[in-house]
Amino acid sequence: MEWHAEKERVILRNVAQFDLQQTFECGQCFRWRRLENGNWLGIVRGRVVEAEQAGRDIIFHNTERSDFVRMWHEYFDLGRDYGAVQRELSRNDPVMKEAIAFAPGLRLLKQEFFEILISFIISQNNNIPRIKRIVECLAQNYGRPVVYREHVLYAFPEADVLAALSEESLRCIRAGYRARYIIRASRQVHALDVDALGKMDSGSVRQALLALHGVGEKVADCVGLYSGLMPDAFPVDRWVRRVMETLYPESGTTNEAIVAFARRKFGPLAGIAQQYLFYFARENRIGMDNPGSEAASSTD
DNA sequence: AAACAGGAGCCGG
DNA sequence: CCGGCTCCTGTT
């Protein structure tokens, strides 16, 4: 991949397998938002970046060479050859081939650990619009404001800030019973050495995550996968269960059977495989009770 | 209109 | 293994 830096922006030329919309809307992140000009605005580790899809190029505004090398290259997983990943996953698998063809530009982001931890604690037994609202509200109340042009964005709050809150004060974000989990997990997290976790195998990382309050198996797998600590994780929730039942009927019906099937079939690429499948299935309403009801139900 | 069900699960008994 | 949990939304 070739790229070059200019003053206040970095340009990727002739990018392969990188589509901003697919990457931001496949369900792995909650805070990127689309501007009226079609560009995407995000804040990561307190840095604001505006990403623009310009034909075969991608332009990152409000950043420069050192920032790009230090953060964004890793965040967008630019060191990975997604062409090779796709060839490997598609081999002898027509289902996966179709899922990849649906969103060939999807990339697995490597997101900030604490932000992902809290976001996926909030996600439990919840729906995406409300998850986004709660996460944004949390940032606005307890994160540092950063001004970018006419926008004000808020960095995700620091763990010690959330750890100092009472359940009472957190009521304002309307997270319900998850407020208690947010606070308790924030208090536990300083005891975790994230750099050390990065050197451990997925099973050990998972165990460490499961010790956090409000983190069960599904949330642990999401946190591990999206923070880059467990690239082979295969989070199974109600959606994935239904989707796998439809697309891979031989995978079984229990969570354990599905995970075992995924591990056997996708190996170390299970994480990215799940992302292709999940996005493909959700956008095409595969495995849902009312296939195709989206268009039909919109007419009163 | 008011009641009801269900949602990216997890905790405690 | 099971009831309960906050809050919100869509349905009846």
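Residues numbered from 1 in each chain as written. Chains lettered and ligands numbered in written order. Predicted model: local features only at pLDDT ≥ 70, side-chain atom pairs only at ≥ 80, totals over all residues. Heavy atoms only, no water.

- Looking at an unreviewed UniProt entry, one finds chain A named DNA-(apurinic or apyrimidinic site) lyase, with Thermoclostridium caenicola as its source organism.
- Quoted straight from UniProt, the Catalytic activity (unreviewed entry) entry for chain A says "2'-deoxyribonucleotide-(2'-deoxyribose 5'-phosphate)-2'-deoxyribonucleotide-DNA = a 3'-end 2'-deoxyribonucleotide-(2,3-dehydro-2,3-deoxyribose 5'-phosphate)-DNA + a 5'-end 5'-phospho-2'-deoxyribonucleoside-DNA + H(+)".
- The Sequence similarities (unreviewed entry) field of the UniProt record for chain A holds the comment "Belongs to the type-1 OGG1 family." (UniProt positions renumbered as here; feature names shortened; annotations may be inferred.)

Topic: the pairing of strand S5 (residues 47–54)
Across a regular strand the side chains alternate sides, sitting on one face of the sheet and then on the other.
Right, so step 1: Direction of pairing for strand S4 (residues 40–44) relative to S5: antiparallel, over a ladder of 5 bridges. When the sheet's bridge partners are listed, Val-44 is paired in S5 with Arg-47.
Right, so step 2: Bridge analysis of S5 against strand S6 (residues 57–61) gives 5 bridges, and the strand direction is antiparallel. Paired with Gln-53 across the strands is Ile-58, a residue of S6.
Right, so step 3: In this structure, the hairpin formed by S5 and S6 is closed by a connection of 2 residues, where Gly-55 is found at a positive phi of approximately 65 degrees. (Pairing = 2+ DSSP bridges. Helix = DSSP H or I, 4+ residues; strand = E, 2+ residues; numbered from the N terminus.)

Some remarks on the protein's contact with DNA strand B
Right, so step 1: As a structural note, the neighbourhood of DNA strand B is formed by 24 residues, with Gly-27, Phe-30, Tyr-177, Arg-238 and Trp-239 the closest of them.
Right, so step 2: The contact atoms of DNA strand B, taken as those within 4 Å of the protein, divide so that sugar and phosphate hold 64%.
Right, so step 3: Here a phosphate oxygen of DNA strand B sits 2.2 Å away from a polar atom, N or O, in the side chain of Trp-239. (Near = heavy atom within 4 Å. Polar contact = N/O pair within 3.5 Å; in protein donor to acceptor, adjacent residues only side chain to side chain.)

A look at the UniProt feature "domain: HhH-GPD" (unreviewed entry) in chain A
Right, so step 1: Using the residue numbers shown here, the UniProt feature "domain: HhH-GPD" (unreviewed entry) corresponds to residues 122–282.
Right, so step 2: When the span residues 122–282 is considered, its composition is 59% helix and 5% strand, and the gap between its end C-alpha atoms is 20 Å.

Here's the deal with the protein's contact with DNA strand C
Right, so step 1: In the vicinity of DNA strand C, the contacting residues are Asn-125, Arg-130, Arg-133, Arg-171, Arg-174, Ala-175, Gly-176, Tyr-177 and Arg-178.
Right, so step 2: The contact atoms of DNA strand C, taken as those within 4 Å of the protein, divide so that sugar and phosphate hold 71%.
Right, so step 3: The contact in question runs from a phosphate oxygen of DNA strand C to an N or O atom on the side chain of Arg-174, over 2.6 Å.
Right, so step 4: Looking at the surface near DNA strand C, its residues break down into 2 nonpolar, 2 polar and 5 charged. (Nonpolar A, V, L, I, M, F, W, Y, C, P; charged D, E, K, R; others polar.)

Digging into the nonpolar core
Right, so step 1: Residues Leu-89, Leu-117 and Phe-266 are the most contacted members of the largest nonpolar core, which totals 75 residues.
Right, so step 2: The element that contributes the greatest number of residues to this core is helix H15 (residues 270–283), accounting for 9 residues.
Right, so step 3: Each of domain 2 (113–226) and domain 3 (238–283) gives at least three residues to this core.
Right, so step 4: Look past the residues within four positions of Phe-266 in its chain and what remains in contact with it is Leu-89, Asp-93, Met-96, Phe-234, Tyr-248, Ala-273 and Leu-277. (Core = buried A, V, L, I, M, F, W, Y, C linked by side-chain atoms within 4.5 Å. Buried < 20%, exposed > 50% of the residue type's maximum accessible area, 1.4 Å probe, protein only. Domains from an automatic or database assignment. Contact = heavy atoms within 4.5 Å.)

Quick notes on the sheet that holds S4
Right, so step 1: If you trace the 6 strands from one edge of the open sheet to the other, you get S1-S2-S6-S5-S4-S3, paired in antiparallel fashion. Unpaired on one side and paired on the other, strand S1 (2–6) and strand S3 (33–34) mark the two borders of the sheet.
Right, so step 2: Along the sheet face, helix H2 (residues 65–75) touches S1, strand S2 (9–13), S4, S5 and S6 and points at about 75 degrees away from the line of S5. (Axes fitted to C-alpha atoms, helices over the stretch in contact; angles between N-to-C directions.)

Here we look at the pattern of salt bridges
Right, so step 1: Counted according to the given criterion, the structure contains 16 salt bridges.
Right, so step 2: Of the charged contacts, one joins Arg-206 and Glu-217 as a salt bridge, the two residues approaching to 3.5 Å between their closest N and O atoms. Of the two residues, Arg-206 is situated in helix H11 (residues 202–210) and Glu-217 in helix H12 (residues 217–226); the sequence distance between them amounts to 11 residues.
Right, so step 3: For Glu-217, a relative accessible area of 48% puts it in the partly exposed group.
Right, so step 4: Across the salt bridge formed by Arg-206 and Asp-221, the nearest N and O atoms sit 2.7 Å from each other. On the criterion of sequence distance, the pair formed by Arg-206 in helix H11 and Asp-221 in helix H12 is long-range, its members being 15 residues apart.
Right, so step 5: Through salt bridges with shared partners, a single network forms among Arg-47, Asp-67 and Arg-70. (Salt bridge = Lys/Arg side-chain N within 4 Å of Asp/Glu carboxyl O.)

Observations regarding helix H13 (residues 238–247)
Given 3.6 residues per helical turn, the α-helix brings residues three or four places apart onto the same face.
Right, so step 1: Looking only at H13, the buried set comprises Val-240, Val-243, Met-244 and Leu-247. For H13, the angular spread of the buried residues around the axis is 100 degrees, confining them to a single face.
Right, so step 2: The inward-facing, buried residues of H13 contact helix H4 (94–102), helix H14 (255–266) and H15.
Right, so step 3: Where H13 starts, the residue carrying a side-chain oxygen 2.8 Å from the main-chain nitrogen of Trp-239 turns out to be Asp-237. (Arc of directions from axis to C-beta.)

Digging into helix H6 (residues 128–142)
Right, so step 1: For H6, which comprises 15 residues, the first-to-last C-alpha distance of 21 Å matches the rise-based estimate of 21 Å (1.5 Å per residue) to within 8%.
Right, so step 2: Buried residues of H6: Ile-131, Ile-134, Val-135, Leu-138, Ala-139 and Tyr-142, and no others. Viewed end-on, H6 has its buried residues packed into an arc of 135 degrees, placing them on one side of the element. Summarising the geometry of H6, the exposed residues directed more than 90 degrees from the buried face are Pro-129 and Arg-133.
Right, so step 3: Elements that come into contact with the buried residues of H6 comprise helix H5 (113–123), strand S8 (151–154), helix H7 (159–163) and helix H8 (167–170). (Expected span 1.5 Å × (residues − 1).)

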